[in-house]
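Here is what each chain is made of, one letter per residue.
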Amino acid sequence: MEKKSSSQLIFSLHFLVFLSLNIFTVQMAEAQNQTVPINVGVVLNMNNSFGKMGLSCISLALSDFYASNSHYKTRLVLNTRDAKGDDVGAAAAALDLLKNVEVKAIIGPPYSMQANFLIDLGDKAQVPIISFSATSPSLSSIRSPYFIRGTQKDSSQVNAITAIIQAFGWREVVPIYVNNEFGEGIIPFLTDALEKVNARVPYRSAIPSMATDDQIVAELYKLMTMQTRVFVVHVLTSLGSRLFTKAKQLGMMSEDYAWIITDGITNELNLMDPSVIESMLGVIGVKPYVPKTEELRKFRTRWQQNSPTINPELNSPTMLWAYDSATALAIAVEKARLTNAKFQMSIVSRNATDLERFGISKYGPGLLQALSNITFKGLAGNFQLLDGELQSSPYEIVNLVGHGARAVGFWTKQTGIVKELNSSNTKTYSTSKNKFGSIIWPGDKTSPPKGWVIPTNGKKLRIGVPVKIGFTEFLQVTWDSASNSTEVKGYCRDVFDAVMAALPYGVPYEYVPFATPDHKSAGSYNDLVYQVYLGNYDAAVGDVTIVANRSQYVDFTLPYTESGVSMIVPIKKNKRENAWVFLKPLSWELWLTSFCSFVFIGFLIWLLEHRINEDFRGPPSHQVGMIFWFAFSTMVFAHKEKIISNLARFVLIIWFLVVLILTQSYTASLTSMLTVQKLQPTITDMNQLLKSKENVGYLQGSFVFGLLKQLNFDESRLVQYNSPEEWDELFSKGSGNGGIAAAFDEIPYMKLFLAKYCSKYTMVDPTYKTGGFSFVFPIGSPLVPDVSRAILNVTEGEEMVKIEKAWFGEKTTCPDSSTSLSSNSLGLESFRGLFLIAGIAAVSAFVIYVIMFLYEHWNVLQRSDPDSSIWSNIVELLRRYDNKDLSSHTFRNTGLSERNVCDGDCTERGEKVSSHGNCQQSPQNFSLNTSPYSNYPPSPMTFSNHTEQCLSSPRVQLNQVENVIINSQAEAVHVVEHEIELVNPNQDSQMTARSTTENH
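Residues numbered from 1 in each chain as written. Predicted model: local features only at pLDDT ≥ 70, side-chain atom pairs only at ≥ 80, totals over all residues. Heavy atoms only, no water.

(A) Quick look at the overall build of the protein. Secondary structure assignment for the protein yields 30 helices and 33 strands. When burial is assessed residue by residue, the protein has 48% of its 1000 residues classed as buried. Here the contacts in the protein between residues at least 6 apart in sequence split such that 71% fall between residues at least 24 apart. Per element, the accessible surface of the protein, about 50,200 Å² overall, is 53% carbon and sulfur. (Helix = DSSP H or I, 4+ residues; strand = E, 2+ residues; numbered from the N terminus. Buried < 20%, exposed > 50% of the residue type's maximum accessible area, 1.4 Å probe, protein only. Contact = heavy atoms within 4.5 Å. Areas by Shrake-Rupley, 256 points an atom, 1.4 Å probe, with all protein chains shown as cover.)

(B) Seen up close, the pattern of salt bridges. For the structure on display, the rule yields 16 salt bridges. R789 is the salt-bridge partner of D786, the closest N and O atoms lying 2.6 Å from each other. Taken together, the residues D786 and R789, both in helix α24 (residues 783–795) and three residues apart, mark about one turn of the helix. A residue is classified by how much of its surface remains accessible, and D786, at 17% relative accessible area, is buried. Since its relative accessible area comes to 49%, R789 is described here as partly exposed. One continuous salt-bridge network, built from bridges that share partners, spans R149, K153 and E389. (Salt bridge = Lys/Arg side-chain N within 4 Å of Asp/Glu carboxyl O.)

(C) Molecular detail of helix α16 (residues 525–534). Among all positions of α16, only Y525, L528, V529 and V532 are buried. Each buried residue of α16 lies within a common arc of 100° when the element is viewed along its axis, so the set occupies one face. Buried residues in α16 make contact with β17 (461–466), β20 (509–514), β21 (539–540), β22 (554–556), α23 (747–757) and β29 (776–778). Remark: G535 follows α16 within two positions and exhibits a positive phi of approximately 90°. (Arc of directions from axis to C-beta.)

(D) Structural view of empty space enclosed by the protein. Tallied over the entire structure, the rule returns one cavity of 30 Å³ or more. If you add up the space inside the largest cavity, you get close to 50 Å³. Across the lining of the largest cavity, the residue classes break down as five nonpolar, three polar and three charged. (1 Å grid on protein atoms, 1.4 Å probe; cavity = no way out; pocket = protein on both sides within 12 Å on 5 of 7 lines; lining within 4 Å. Points joined across faces, edges and corners; volume = space filled by probe spheres on them. Nonpolar A, V, L, I, M, F, W, Y, C, P; charged D, E, K, R; others polar.)

(E) Structural view of the nonpolar core. Y560, I568, W727, F775, L783 and V787 are the most contacted members of the largest nonpolar core, which has 63 residues in total. Among the elements that line this core, the one with the most residues is helix α15 (residues 491–501), at seven residues. In this view, I568 contacts W727, F731, A742, A743, M750, F753, L754, Y761, T762 and M763; residues no more than four positions away in its chain are not counted. Membership of the second largest hydrophobic core comes to 53 residues, among which are C57, L62, Y323 and L371. (Core = buried A, V, L, I, M, F, W, Y, C linked by side-chain atoms within 4.5 Å.)

(F) Region of interest: the pairing of strand β10 (residues 284–288). For β10, the tally of buried residues reaches five of five residues, placing the bulk of the element in the interior. With burial as the criterion, each face of β10 is covered, one bearing I284, V286 and P288 and the other bearing G285 and K287. Relative to β10, strand β9 (residues 258–261) is paired through two bridges, and the arrangement is parallel. Residue pairing for β10: I261 is matched across the bridge by G285. Direction of pairing for β10 relative to strand β14 (residues 395–401): antiparallel, over a ladder of five bridges. If you follow I284 over to β14, its bridge partner there is N399. (Pairing = 2+ DSSP bridges.)

(G) The confidence of the model for the protein, seen in detail. For the protein, mean pLDDT is 78; residues scoring 70 or higher make up 79% of the total. Overall, residues 1–7 carries pLDDT values under 50, and its contacts beyond four positions in sequence, including any with other chains, amount to zero contacts. Between residues 817–823, whose pLDDT stays under 50, and residues either more than four places distant or in other chains, the model counts 17 contacts. (pLDDT = per-residue confidence, 0-100.)

(H) Representation of the pairing of strand β8 (residues 230–234) in the model. Most of β8 sits inside the fold, with five of its five residues counted as buried. The side-chain alternation of β8 yields two buried faces, one formed by V230, V232 and H234 and the other by F231 and V233. By the bridge criterion, four bridges tie strand β6 (residues 174–178) to β8 in an arrangement that is parallel. In the strand pairing of β8, Y177 is matched with H234. Read as a crossover between parallel neighbours, the route from β8 over helix α9 (residues 237–249) to β9 is right-handed. (Right-handed = clockwise from strand over helix to strand, strands pointing away.)

(I) Inspection of the sheet that holds strand β16 (residues 416–418) at higher detail. An order of β7-β6-β8-β9-β10-β14-β15-β16 is seen for the eight strands of this open sheet, with the pairing classed as mixed. The open sheet is flanked by β7 (205–207) and β16, the only strands paired with a single partner. Taken over all neighbouring pairs, the strand axes of this sheet differ in orientation by 25° on average, direction set aside. When β14 meets strand β15 (residues 404–412), the two strands line up antiparallel, connected through seven bridges. The residue of β15 that forms the bridge with N399 is R406. (Axes fitted to C-alpha atoms, helices over the stretch in contact; angles between N-to-C directions.)

(J) Layout of a nonpolar patch on the surface. A cluster of nonpolar side chains, contributed by F600, V843, F846, V847, V850 and I851, occupies part of the molecular surface with about 480 Å² of accessible area. Per element, the largest residue contribution to the nonpolar patch is five residues, and it comes from helix α27 (residues 832–856). Among the secondary structure elements, F600 is positioned in helix α17 (residues 588–609). (Patch = residues over 30% accessible without salt bridge, like charges linked within 9 Å, V, L, I, M, F, W, Y side chains within 5 Å.)

(K) Looking closely at the environment of L652. Locating L652 in the fold gives a position in helix α19 (residues 646–675). On the accessibility criterion, L652 (4% relative accessible area) is buried. Remark: the alpha-carbon pair of L652 and G602, spanning 50 residues in sequence, is separated by 9.8 Å. Excluding anything up to four places from it in sequence, L652 contacts I601, I605, F630 and I643.

(L) Structural detail: the environment of E268. For E268, the position within the fold is in the loop between α10 (263–266) and α11 (274–279). What makes E268 buried here is its relative accessible area of 7%. It is 6.8 Å that separates the C-alpha atoms of E268 and T237, two residues lying 31 residues apart in sequence. The contact partners of E268, leaving out residues within four places of it in the chain, are F50, T237, S316 and T318. Of note is the side chain of E268, whose polar atom sits 3.0 Å from the side chain of T318. (Polar contact = N/O pair within 3.5 Å; in protein donor to acceptor, adjacent residues only side chain to side chain.)

In structure tokens, the structure reads:
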């Protein structure tokens, strides 16, 4: 049945070609007397349906064109040659057309391999070579201006393919292509486009164009052993049919696989056997979009009428490009006004070959120019050439289901993937998978495959682990000589096992020690990472840190530990028995400022209280002592003196706040110094370490060695260690005895070390940021994103806490380095604002008091006495300041208001004012009248400060009530009050004694 169907197909194609040529010949004969025939060559493979269909489309295009443009003076005459399916046949056919027929243009050949040699011939003869199916990007007008590509080149579709890959998040793609110029031409463009979307090409599957079924099966088996399951197929339909048939038989059309075919197959799906189409269920394909126009509908109707049994749908854009290419050539020939003139023969030698014995077409440049300027709306869309190539159009994305393909989306340069073209809702470029319609994937699944699986070759992932001597809590490798097996255990291994168990799929793996045959470490951590890059390990697990230079060779997962490199140094204790430790809470600047402030406040309070407060009067030595006593007694709030002045009270309110804060800060700092064990690092700064040129330690094999060299440490001063015990031993030796003064290491190691020796060492800043411990995979490994997500799930859960407790135990109560270091003394800068506020308040009070005093005694400064001077006026002001302010309420009579005051003519020298205005001394001034109710002895201060009396002055009104003596005749009795002040030295209080005479 299959042979009978093929015979019918070939017979129908012959009949169609014969009919088309007869129609075209009749039309040419009718116009022969008035038109100019132009010979044009056609080179196609006439032994297959593709070539016959192409020739039919060309013939129909010329028939339709001249039927609607009968006024044209030129008519194309087709000279058909069979390319015989190979490069030599195509070259021989073209040579025959150029030498014997002298055609003005050649349409063909069908394949890129055949076009290579024809382009050179056309360039030599200046005859345009117009191909509607040679799509290799390596064929371009840059190589020869006489090559015209009337189809889309293969590189135009790579962006549409990568958009699909990006939409579904696939990170690895394997291209399957035919090993010839057609297949290899697209690969550089495809790999570059994939790289832009972070997709990797781990392998390229090149299949020979004449490959046998066994070769195809062998290549497919090789692909099955790999983890990548996304394939981009770029072959012709003949090879593609066999490829997918074998893939179906091997089970490679299942749910784990994703297949994308280029337009090399998608354009010719209608020419493939239905059984092959059924085996391609779920395949995604791309092809140039052909607008559904009325002209295309009419053409397909005519095609179905002329060939009802041969490809009635005619869905191939290639055939439409053949139609449009013939139309374009007919237009160009008319515009260039070609004739059937002979070629210009070049001078050749007698021994010249046939390749040199053909002439040059003088119409070639004009015809080429006319083709370049042609623009029209063809059956396949707009026909416009730029640099000799057809402009790219949008691509249609199809999904093979059942016996055919259905559109699931479109791709354009401007909008990316869209469900519908010319949609007003799409304004930006998008590669979202939500833009696709419903897709049926291989295995008849609706969910897209993840694009990779664990290889089916039975091999487990080889996980490289470092061999360590110390810090075995992180990782430890032991060998069992009896069973010749290895055991890997430790914190890193348990974390990796938990992460792999959290993956949504199973991954078989095994641990392989990175060791020499004698069970020693085979190199540093950098060497282990490089082995992953070389492919000797599929991954690496251990205390491997993420470092920038390592990331150039491998991919890291998210870290699962803290990051950072810091310095650790020994600590020394301060002796708490220091006799002067009480001075350390405050710096000397703060001590000096506080002392000066106390003295200043004491002096200011004395200044404000001296004239109105008896507590601040007396002999000079007493007053000086009072200044210091009152000032420093405020420090413990032990003062008993009563403050009378409002200005002094205002100053003290601010000062008490200062004293309270200062004393509380001092107490807290001193308490901390005396009760908390203080630790001081032997080295506090890295620069100090660089200057001292002492030895520095680092973990053997760690990247910290390179970091220290970058920090300008001399390599001869760098000492390596392997374990915490060796680390402690190096510190104990000291730098001068082959030991170390400090060590740089990663924070996880330091925490483990300090858990054992926290009383002897401390961590010192700065901390250099690093990536933390991570798992290592080859670049582009699809496991990386899934493992990173699993790490987040594990580290955020209880599993991580259990693993840490299992290997590191409960957290050690080791004092933090920031609190272990001795506190610095409190400095002046901490209280600068407080002292500033107190100072402003004190100065303000002083200024206000001075202004008030000068205003009250302004007459002293304005005296007109010629004997007075500025100095005498100042002395007088000071004398008056030293006097009591009798106008103050503290010196007024408790019973009567004082209405008269001395104006300065009476002094405190025990003088009595006579009737003539002179103050004379009276003995009575030195005697005290005590009240019968008083039990207090007289005070000496009474004689110096409290016995002044001024009487009978012409300028002074008396401040006393005149005494009336009671006579013996029972006359009217007048009360005589005489006020005196008594000062009790024991109780510092004032009492008033009154003497009252009454009528008996």
